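Residue-level structure breakdown
Here is how the chains run, residue by residue.
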Amino acid sequence: MKFLPLVIMMLVSTVATAAPHEEITPLQLGQATLETVKSLTRKEKITADKIQILSVNPEFVDTSSNEELLEIKMSFVSPAGAAKEARFLCHAVDHAVFESALPHCHRVQ
Amino acid sequence: MLKIVLIVLSSLALLACSGGNNPDRQLQQKAADTKQIISGIAYDVIQPSTLTFDGTKASGSGKIVALTSVNNPKGSAFKIALDLEDNGEVILHTYSDNKLKNGFDISIARQGGKIKFTLTSAGKTIDYSELEGLAAINAVETIELSMDVHNNESPAHFILWKSSEATFDENTALLNSADEPQATPGKGSGLFFGLTLKDASVIGLTNHKPYVSH
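Computed from a prediction, not measured in an experiment: that's the story for all the values here.

Analysis parameters
- Residues numbered from 1 in each chain as written.
- Chains lettered and ligands numbered in written order.
- Predicted model: local features only at pLDDT ≥ 70, side-chain atom pairs only at ≥ 80, totals over all residues.
- Heavy atoms only, no water.
- Contact = heavy atoms within 4.5 Å.
- Buried area = accessible area lost by both parts, 1.4 Å probe.
- Salt bridge = Lys/Arg side-chain N within 4 Å of Asp/Glu carboxyl O.
- Polar contact = N/O pair within 3.5 Å; in protein donor to acceptor, adjacent residues only side chain to side chain.
- Helix = DSSP H or I, 4+ residues; strand = E, 2+ residues; numbered from the N terminus.
- Nonpolar A, V, L, I, M, F, W, Y, C, P; charged D, E, K, R; others polar.
- Phe/Tyr/Trp six-rings, centres within 6.5 Å; stacked < 30°, edge-to-face > 60°.
- Buried < 20%, exposed > 50% of the residue type's maximum accessible area, 1.4 Å probe, protein only.
- pLDDT = per-residue confidence, 0-100.
- Pairing = 2+ DSSP bridges.
- Axes fitted to C-alpha atoms, helices over the stretch in contact; angles between N-to-C directions.
- Disulfide = S-S within 2.5 Å.
- Core = buried A, V, L, I, M, F, W, Y, C linked by side-chain atoms within 4.5 Å.

Description of the interface of chain A and chain B
Residue-level contacts link 20 residues of chain A with 21 residues of chain B. Between chain A and chain B, roughly 1600 Å² of surface is buried when both sides are summed, and carbon and sulfur atoms account for 53% of that area. If you look at where chain A meets chain B, you find 3 salt bridges. Close ionic contact of B:Glu180 with A:Lys43 constitutes a salt bridge, the shortest N to O distance being 2.6 Å. Between chain A and chain B we count 7 residue pairs in polar contact (both at pLDDT 80 or more) in total. Residue assignment for the side of chain A that touches chain B shows that the elements contributing at least two residues are α2 (26–44), β3 (83–91) and β4 (104–107) of chain A. Tallied by class, residues from the side of chain A that touches chain B come to 7 nonpolar, 7 polar and 6 charged.

Examining the packing of aromatic side chains
Residue and element names in this part refer to chain B. Inspection of every chain in the model, using the stated rule, returns 7 aromatic pairs over all chains. Measuring from ring centre to ring centre gives 6.5 Å for tyrosine 43 and phenylalanine 193, while their planes differ by 90°; the resulting arrangement is edge-to-face. Linking tyrosine 43 in strand β2 (residues 41–47) with phenylalanine 193 in strand β12 (residues 192–208), this pair joins segments that are 150 residues apart in sequence. The residues tyrosine 43 and phenylalanine 193 share a single accessibility class, namely buried. On the numbers, 4.4 Å between centres and 25° between planes, the contact of phenylalanine 168 with tyrosine 211 is stacked.

Looking at the confidence of the model for chain A
Residue and element names in this part refer to chain A. Of the residues in chain A, 68% reach a pLDDT of 70 or more, and the chain-wide mean stands at 77. Per-element averaging of pLDDT across chain A places helix α1 (residues 4–18) at the bottom with 49 and β3 at the top with 92. Low pLDDT, under 50, characterises residues 93–97; the predicted model gives this stretch 10 contacts beyond four residues in sequence or across chains.

Some words on the sheet that holds β3(A)
Residues and elements named next belong to chain A. Taken in spatial order, the 4 strands make up an open sheet running β1-β2-β3-β4, and their pairing is antiparallel. Strand pairing shows two members of the sheet lacking a second neighbour, β1 (51–62) and β4, which therefore form its edges. Within the sheet, the average angular offset between the axes of one strand and its neighbour, ignoring direction, is 25°. Sheet topology note: the strand β2 (residues 67–77)/β3 ladder contains 9 bridges and is antiparallel. Opposite lysine 73, over in β3, you have arginine 87 as the bridge partner. Along the sheet, α2 contacts β1, β2, β3 and β4; its crossing angle with β2, the most-contacted strand, is approximately 45°.

Description of the state of the cysteines
Residue and element names in this part refer to chain A. In the structure shown here, the tally under the stated rule is 1 disulfide over all chains. Between the sulfur atoms of cysteine 90 and its disulfide mate cysteine 105 the distance is 2.1 Å. Judged by the sign of its S-S torsion, about 105°, the cystine formed by cysteine 90 and cysteine 105 is right-handed. Of the two residues, cysteine 90 sits in strand β3 while cysteine 105 sits in strand β4, which places them 15 residues apart along the sequence. Take cysteine 90: its relative accessible area is 0%, and that puts it in the buried class.

Notes on the nonpolar core
B:Phe117, B:Leu145, B:Phe158, B:Leu195 and B:Leu205 are the most contacted members of the largest nonpolar core, which totals 42 residues. Listed by contribution, the elements that provide at least two residues to this core are β2, β4 (58–69), β5 (75–96), β6 (104–111), β7 (114–121), β9 (143–150), β10 (157–162) and β12 of chain B. Ranked by residues supplied to this core, first place goes to β5(B) with 7 residues. Filtering out sequence-adjacent residues up to four positions away, B:Leu195 remains in contact with B:Ile38, B:Gly62, B:Lys63, B:Ile64, B:Ile80, B:Val90, B:Ile91, B:Leu92, B:His93, B:Leu100, B:Val202 and B:Leu205. In this structure, A:Ile53, A:Leu70, A:Met74 and A:Phe76 belong to the second largest nonpolar core, which totals 17 residues.

So, unusual backbone geometry
Cis rather than trans, the peptide bond between B:Ser154 and B:Pro155 has omega equal to 0°. For B:Pro155, the position within the fold is in the loop between β9 and β10. A positive phi angle, near 55°, is found at A:Lys45, a position not held by glycine. As for its placement among the helices and strands, A:Lys45 is situated in the loop between α2 and β1.

What to know about the pattern of salt bridges
Residues and elements named next belong to chain A. Applying the stated rule across the entire model yields 6 salt bridges over all chains. Its salt-bridge partner being arginine 107, residue glutamate 44 comes within 2.7 Å of it at the nearest N-O pair. Placement of the pair is glutamate 44 in helix α2 and arginine 107 in strand β4, with a sequence separation of 63 residues. Judged by its relative accessible area of 7%, arginine 107 is buried.

This is the structure in structure tokens:
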């Protein structure tokens with residue numbers, strides 16, 4: 001987990017610079033990424049250093065709802081040593097469950 | 001003369017209000033009068049049943065709707081304690097209509113010593129019985145579970161814990177739908193909650209604000 005802050009900082013600064021989006025703040029992006037990493041470590045029983053962020057798409061459009069979401073793809077190494085991938089979708093803007101500003105992510109793959 | 005007419009009309013209006021139909025008051029009165037209570041919450045039986053109530057719990061088979069709406073229209077926590085006979089089942093209906101339809105349903109059934117745990121909504125069912133923490137539950141003993149239903153997400157976000165946990169967060173959950181590619185089957189479209197029992201006893205059911213606030 002010690003590399004986690006560094007990974008998030010790098011990710012946030014990269015995306016904030018390269019692909020600015022009026023509806024997703026760098027803070028929200030960082031929070032969403034942190035949430036997905038935590039979810040993977042929790043579910044797969046791995047440490048954060050086994051996780052690599054493959055891509056972040058803040059303009060992913062869900063065709064069923066036409067909603068714009070944040071898509072995060074990751075690869076990781078399972079405790080058994082197998083290479084795997086995971087994909088998360090995050091409600092990017094004003095998800096605001098219970099008046100919280102935190103974006104919420106769920107794993108779809 | 002005009003004053004007298006006004007006084008008579010006002011009196012008639014007041015009489016009409018005081019003696020008129022007031023569904024809210026009737027519901028409150030019904031809740032106050034009923035003996036069909038679990039954990040202090042009054043229920044209405046909505047299907048012919050063999051249910052018996054002893055003032056704190058319900059036992060048998062039948063369907064009951066709470067005479068109050070869910071704690072929060074966005075999301076709620078439910079804490080339930082129940083005993084199941086073999087092949088018995090309890091369905092907790094959340095965010096449903098007042099007939100307990102069109103909701104987000106959590107089913108806990110017993111098959112021998114194991115539990116079958118499913119989520120149903122929008123005509124779809126997801127079976128989480130084989131999930132590590134759930135498969136380890138002994139269905140012969142009293143089952144005590146706590147859960148969050150965040151119904152303002154689509155599909156609803158569902159988090160489940162053993163009620164014996166010291167803390168209720170995403171790290172201690174038995175099941176967190178956000179971690180599962182299957183997620184949940186949908187979300188409810190009402191504000192009522194209630195129970196379907198089949199050869200079961202519900203010892204306690206409380207409804208309060210969610211444990212996890214996002």
